[in-house]
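The lines below spell out each chain.
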Amino acid sequence: MDARIRYSVLLVGVGIILAFLPFDAAQTFQLKSNELLTRSASEVMYFSVDQVARAVNSEDSTVQIIDVRSAAQFKECNIPGSINIPFGDLQNPLWEATLNQKKVKNILYGNGDQTASYTWTILTGLGYPNNYMMKGGLNEWFRTVMLSQYSGEKITPAENARFENRLNACKAFTQINSLPDSLKTKFFNAKRLNQSKLDGGCN
Amino acid sequence: MQQLKKIKFVILFIFVILILVIIRNSNQNLFKQDVKSAIEAIQNNSNMLSPDQLHQLKEQWMVVNIGNSDLPDSIHVEHSIKIPFENLLDQTNRKILEGVDGKLILYSADVATASKAWVILNQMGFKNAFILNSGGNREEIKYKFQPDTTARLEQDSI
Amino acid sequence: MGPLSIISGFPEWLNLLIAFLIGIGFGFALEQAGFSSSRKLAGMFYGYDTTVLKVFFTAAIVALVGSQLLSFFGLLNLKLVYVNPYYINSAIIGGVIMGAGFIMGGYCPGTGISALSIGKIDAMIFMAGGMVGAFLFAETYPFIETLAMDNFKGAMRIDEWMGVSPGVFTLILIIAAVALFWIAELAEKKFSRADITNDI
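Calculation notes
- Per-chain numbering applies: the sequence of each chain, read as written, is numbered from 1 onward.
- Note on labels: chains are lettered from A, ligands numbered from 1, in written order.
- Selection of residues for local features in this predicted model requires a pLDDT of at least 70, selection of side-chain atom pairs for listing and counting requires 80 or more, and totals for whole chains, interfaces and linings are taken over all residues.
- Helix and strand definitions here come from DSSP, where helices need a minimum of 4 consecutive H or I residues and strands a minimum of 2 consecutive E residues; each element is numbered from the N-terminal end.
- As a rule, residues whose C-beta atom has 12 or fewer other C-beta atoms within 10 Å are exposed, those with 20 or more are buried, and those in between are partly exposed; C-beta atoms are placed from the backbone.
- We call two residues in contact if the C-beta atoms placed from their backbones are at most 7 Å apart.
- The term nonpolar core means buried Ala, Val, Leu, Ile, Met, Phe, Trp, Tyr and Cys residues held together as one set by C-beta atoms within 7 Å.
- Charged means Asp, Glu, Lys or Arg here, nonpolar means Ala, Val, Leu, Ile, Met, Phe, Trp, Tyr, Cys or Pro, and polar covers whatever is left, Gly included.
- We call two strands paired when DSSP finds no fewer than two bridges between them.
- Only C-alpha atoms enter the line fits that serve as axes; for helices the fit covers just the stretch in contact. Angles between N-to-C directions range over 0 to 180 degrees.
- Think of it like this: strands point away, you trace from the first strand over the helix to the second, and a clockwise trace means the crossover is right-handed.
- Just so you know how the angles are binned, under 35 degrees is roughly parallel, over 145 roughly antiparallel, 65 to 115 roughly perpendicular, and the rest oblique.
- What pLDDT expresses is the predictor's confidence in each residue, scored from 0 to 100.

Caption draft 1: Geometry of the overall build of chain C. For chain C, the helix and strand inventory stands at nine helices and zero strands. Counting from the amino terminus, helix and strand elements in chain C follow one another as α-α-α-α-α-α-α-α-α. If one aligns the C-alpha atoms of chain C with their principal axes, the spans along those axes are about 50 × 45 × 35 Å. When burial is assessed residue by residue, chain C has 19% of its 200 residues classed as buried. A separation threshold of at least 6 residues defines the contact pool for chain C, and within that pool the share at least 24 residues apart is 68%.

Caption draft 2: Representation of the overall build of chain A. Within chain A one finds nine helices and five strands. Counting from the amino terminus, chain A carries its helices and strands in the arrangement α-α-β-α-β-α-β-α-β-α-β-α-α-α. Split into buried and exposed, the 203 residues of chain A put 34% on the buried side. The contacts of chain A with a sequence gap of at least 6 include a subset with a gap of at least 24, amounting to 71%.

Caption draft 3: Local environment of the nonpolar core. Val52, Ile107, Tyr109 and Met133 of chain A together with Ile105, Leu106 and Ala117 of chain B are the most contacted members of the largest nonpolar core, which has 65 residues in total. The greatest single-element share of this core, amounting to nine residues, is contributed by helix α6 (residues 111–124) of chain B. The residues contacting Val52 of chain A, other than those within four sequence positions of it, are Phe47, Ile65, Ile79, Ile107 and Met134 of chain A. Counting residues in hydrophobic clusters, the runner-up holds 14 residues, among them Val14 of chain A together with Ile61, Leu171 and Ile174 of chain C.

Caption draft 4: Broad picture of the interface of chain B and chain A. The partner chain A presents 51 residues to the 45 residues of chain B that form the contact. Examining the composition of the side of chain B that touches chain A, we find that eight residues originate from one element, α6 of chain B, more than from any other. In terms of residue class, the side of chain B that touches chain A is made up of 27 nonpolar, seven polar and eleven charged.

Caption draft 5: Representation of the pairing of strand β2 (residues 61–65) of chain B. Residue and element names in this part refer to chain B. With respect to burial, β2 is a largely interior element, four of its five residues being buried. In the sheet, β2 pairs with strand β4 (residues 103–107) via five bridges, with the strands oriented parallel. Bridging from a neighbouring strand, Trp61 pairs with Lys103 of β4. By the bridge criterion, three bridges tie β2 to strand β3 (residues 80–82) in an arrangement that is parallel. When the bridges of β3 are listed, Val63 appears paired with Ser80.

Caption draft 6: View of the sheet that holds strand β1 (residues 46–47) of chain A. Residues and elements named next belong to chain A. Strand order in the open sheet made by the five strands is β1-β5-β4-β2-β3, with parallel pairing throughout. The sheet is open, and its two borders are formed by β1 and β3 (83–84), each paired with just one other strand. Most of the contacts of helix α6 (residues 114–125) go to strand β5 (residues 131–134), to which it runs at about 175°, and overall it touches β4 (105–109) and β5.

Caption draft 7: Focus on the pairing of strand β5 (residues 129–132) of chain B. Residue and element names in this part refer to chain B. A two-sided burial pattern is seen for β5, the buried positions comprising Ala129 and Ile131 on one face and Phe130 and Leu132 on the other. Two strands pair when backbone bridges link them, and strand β1 (residues 48–49) and β5 are joined in this way by two bridges, in the parallel orientation. Within β5, the position partnered with Met48 by the bridge is Ile131. For β4 and β5, the ladder comprises three bridges, and the chain directions are parallel. Paired with Leu104 across the bridge in β5 is Ala129. Following the chain from β4 across α6 to the adjacent parallel β5, one finds a crossover that is right-handed.

Caption draft 8: Layout of the sheet that holds β1 of chain B. Residues and elements named next belong to chain B. Ordered in space as β1-β5-β4-β2-β3, the five strands form an open sheet in which the pairing is parallel. Bordering the open sheet on either side are β1 and β3, each of which pairs with just one other strand. Its contacts with the sheet put α6 on β4 and β5, and the angle it makes with β5 is roughly 170°.

Caption draft 9: Here's a closer look at the interface of chain A and chain C. Counting residues at the interface gives 17 residues for chain A and 21 residues for chain C. A total of eight residues in the side of chain A that touches chain C trace back to one element, the largest contributor, which is helix α1 (residues 2–19) of chain A.

Caption draft 10: View of the packing of helix α2 (residues 12–32) of chain C against helix α6 (residues 109–117) of chain C. All names here are of chain C. Close contact between α2 and α6 brings their axes to 9 Å; oriented N to C, the two are set at 80°. Our classification of the angle between α2 and α6 gives roughly perpendicular. Contact residues: Gly27, Leu30 and Glu31 in α2; Gly110, Thr111, Ile113, Ser114 and Ser117 in α6. Class assignment for the residues of the contact of α2 with α6 results in two nonpolar, five polar and one charged.

Caption draft 11: Structural detail: unusual backbone geometry. All names here are of chain A. A positive phi angle is found at Glu59, which is not glycine, with a value near 45°. A tally of 10 C-beta atoms within 10 Å means that Glu59 is categorised as exposed. Even without a glycine there, the phi angle at Asn130 is positive, about 65°. Note on placement: Asn130 falls in the loop between α6 and β5. Under the C-beta neighbour-count criterion, Asn130 is labelled partly exposed, with 18 such atoms within 10 Å.

Caption draft 12: Molecular detail of the environment of Ile196 of chain C. All names here are of chain C. Tracing the chain through its elements places Ile196 in the segment after α9 (166–190). Sequence separation of Ile196 and Ile183 is 13 residues, and the distance between their C-alpha atoms is 21 Å. Ignoring sequence-local partners within four residues, the contact set of Ile196 consists of Arg39 and Tyr48.

Caption draft 13: Molecular detail of the confidence of the model for chain C. Residues and elements named next belong to chain C. Averaged over every residue, the pLDDT of chain C is 84; residues scoring 70 or more account for 94%. Across chain C, the secondary-structure element scoring lowest on mean pLDDT is helix α1 (residues 4–8), at 53, and the one scoring highest is α9, at 90. Quick note on the complex model: pTM equals 0.76, ipTM equals 0.82.

Structure (structure tokens):
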């Protein structure tokens, strides 16, 4: 009988400590606060709109573009190749494998800088590697890429390359987003299915 | 007493765990807040204050300018201090932040900096931290996408 | 920080080797607890032997307590631990079918294999039956797919559903377990069967 009482007391005792734990470590930031601050203050996390445009044009498989806006906004228009993880859905375990990974660079974007900054800080704080954001968001994308225009007499090779890059990205963006709604839904569902296959787990 | 003697190792073990938990909890450099609360506050926009709301506040407040540029004219200067973002958590600055009475209002011209700082401070337990919204909704899309109905992808690429 | 395989990017064979060693340990523990005897497992149903309940419930609680303490001290990242997605319909229907097979065969899949490995003939037949069942399931899957996929709830956790912290849920479960163990011992006395022994 002794052993039973001993184990019962042990388990109940540890259980009481667990019940009164001051914080749930699985739901809190893993990084030290000054480390997170140092990373937030650096500019390393930024991708410029031009860099993202280049990734879109070359269908770069080392980056994953992530739209953190609402599903409705995503459906209206989004950067080609991006997937939609609405900010409010961030903690859905479904996205864990996409957000917390070591294989590709995740580039976050919203309409402006704010939502992407929140998302970046939360993900980095949680200890997830490989998260970046597109500086300026979709507004900057529209301003630079979609409304890109060249006027002038002479064009240097560098300018030419930049302009061509923007023009191609603009074309891809327009083509994908001009699809009729039914095709768009089909396209997103196919993408989502591919994504969930990557999720893995021990099914 | 006899009973207690039999379970003294058990009690010792529980005691050790308790001590370890207390030591862990007293670490200043660890985050201890639930991420969910921050996400909810951001979604409700309850972490933002406009200058008008600021001036109507009954309680005290202090604007902390973490950006490079100066405050807009609409804010009273006597209520503000300037701390560079990267030094926000230095020993002395942390003391200043902890000593703020009432609301702690973060401002930077670049909204990204204030947003990052807010998440960090909120998760450190500064429940009185807010962001000063100095002009309009930054998350509004300013451009309307114009679909090009003549463009069609080939079927088999879908 | 754990889980091991994700942090260190072990090669495939090392992952499998670790799994193999853990599997041997699990099988050894099952055999040591006497679970390779169908009498012990059926005893749970008839109430004369509740070892199964005690062993598995204790294992669950110890794992729960341990993982949460490790998580609190930053040694284990609970977010990386896979949570099985929950399909209500298939969980209930499959659970009933599996339970019936459990009573009739006297084994669950894990204990069946550990009994098989010590050469029990009934376990061999049990495992063959299991294989046939798996084959039939795979072949008829298209017909029952809608049923199997119905009422999908995702990776759900009871503590989140109840709205309490994981620690509080653990405490509730521990108290329930201690109470259940006590009731189980009473049941063992009440339904004791002298004619059933642990001799092979």
